[in-house]
Amino acid sequence: YRLSVFRAGERFAPFLAEPTPLASFEQSLRLLDGERLLSMRVGVSEPFRIAVSNLSPAPWPSVGTDIAGTRSVRLGWRWLDAESRAIVEEGSRADLPFDLAPGDTVTIPGCLAPPRHPGRYRLRFSMVQEGVAWFDGAGSPALEVDVAVAILPGEVFVRPMLAAARDLGLRSCG
């Protein structure tokens, strides 16, 4: 963790070099112990881990230029429907634990909430430089996983309560 000290009126973290847009968006992503993601249940979040490698010539900043994380690099994921359309365009994120040097690899944990409706989906993981680009949109291959989302017979009556809990931001993982 970084501790930033600044006076009123100063920019956020003025002593750090300000991250700039990357010139290269090269990544390698590998899902670790991801078999539980292949078959998920509506309303049940699952933990995952992804090994992320920086294949570009520049370090990836874990901290952005402002409190929102602009220009930081993060792991992102999006759910796609059967026609490969994004269900939610921006998807969710997980932070890098530290700046990632070229050639280095780190394991990033996350918690995945499935779509609200049962069906077959594709889950697309990619790094994203906030406010700049998704790496897969800049030509680097994404990690994609086909996922079946189901409702178990006993969960039919619980589903509305789970959806309400998710709308309130309540989640569990595992």
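Refer to the preceding data block for the structure.
Definitions and limits used
- Residues numbered from 1 in each chain as written.
- Predicted model: local features only at pLDDT ≥ 70, side-chain atom pairs only at ≥ 80, totals over all residues.
- Heavy atoms only, no water.
- Phe/Tyr/Trp six-rings, centres within 6.5 Å; stacked < 30°, edge-to-face > 60°.
- Helix = DSSP H or I, 4+ residues; strand = E, 2+ residues; numbered from the N terminus.
- Buried < 20%, exposed > 50% of the residue type's maximum accessible area, 1.4 Å probe, protein only.
- Polar contact = N/O pair within 3.5 Å; in protein donor to acceptor, adjacent residues only side chain to side chain.
- Contact = heavy atoms within 4.5 Å.
- Pairing = 2+ DSSP bridges.
- Axes fitted to C-alpha atoms, helices over the stretch in contact; angles between N-to-C directions.

Caption draft 1: Seen up close, the packing of aromatic side chains. Tallied over the entire structure, the rule returns six aromatic pairs. Measuring from ring centre to ring centre gives 5.2 Å for Trp-60 and Phe-135, while their planes differ by 90°; the resulting arrangement is edge-to-face. Residue Trp-60 is located in the loop between β3 (46-54) and β4 (73-80), and its partner Phe-135 is located in the loop between β8 (133-134) and β9 (143-150); the two are separated by 75 residues in the primary sequence. Judged by its relative accessible area of 0%, Phe-135 is buried. Measuring from centroid to centroid gives 6.0 Å for Trp-79 and Tyr-121, while their planes differ by 80°, and the two rings are edge-to-face. Of this pair, Trp-79 sits in strand β4 while Tyr-121 is found in strand β7 (residues 119-129), placing the two residues 42 residues apart along the sequence.

Caption draft 2: Just the side chain of Arg-78, in detail. Here Arg-78 is to be found in strand β4. A residue is classified by how much of its surface remains accessible, and Arg-78, at 8% relative accessible area, is buried. Within the structure, the side chain of Arg-78 is placed 2.8 Å from the side chain of Asp-136, a separation counted as a polar contact. Arg-78 has contacts with Val-88, Glu-89, Glu-90, Gly-91, Arg-122, Leu-123, Arg-124, Ser-126, Trp-134 and Asp-136, leaving out every residue within four places of it along the chain.

Caption draft 3: Structural context of the pairing of β4. Along β4, seven of the eight residues are buried, which leaves the element largely enclosed by surrounding structure. Of the pairings in the sheet, the one linking β4 to β7 comprises eight bridges and is antiparallel in character. Of the residues in β7, the one forming a bridge with Arg-78 is Arg-124. Bridge count for β4 against strand β5 (residues 92-95) is four bridges, and the pairing is antiparallel. Note on β5: the bridge partner recorded for Gly-76 is Arg-93.

Caption draft 4: The sheet that holds strand β6 (residues 105-112), seen in detail. Within the open sheet, the three strands sit side by side as β1-β3-β6. Their pairing is antiparallel. In the strand order of this sheet, the two ends are held by β1 (27-32) and β6, each with one partner. Put simply, the sheet's adjacent strands are angled 30° from each other on average, direction ignored. Of the strand pairs in this sheet, β1 and β3 are connected by six bridges, and their pairing is antiparallel. Bridging across to β3, Arg-30 finds its partner in Ala-51.

Caption draft 5: A look at unusual backbone geometry. Even without a glycine there, the phi angle at Arg-71 is positive, about 75°. Along the chain, the position of Arg-71 falls in the loop between β3 and β4. Backbone geometry at Ser-84 places phi at a positive 65°, although glycine is not the residue there. Along the chain, Ser-84 turns up in the loop between β4 and β5.

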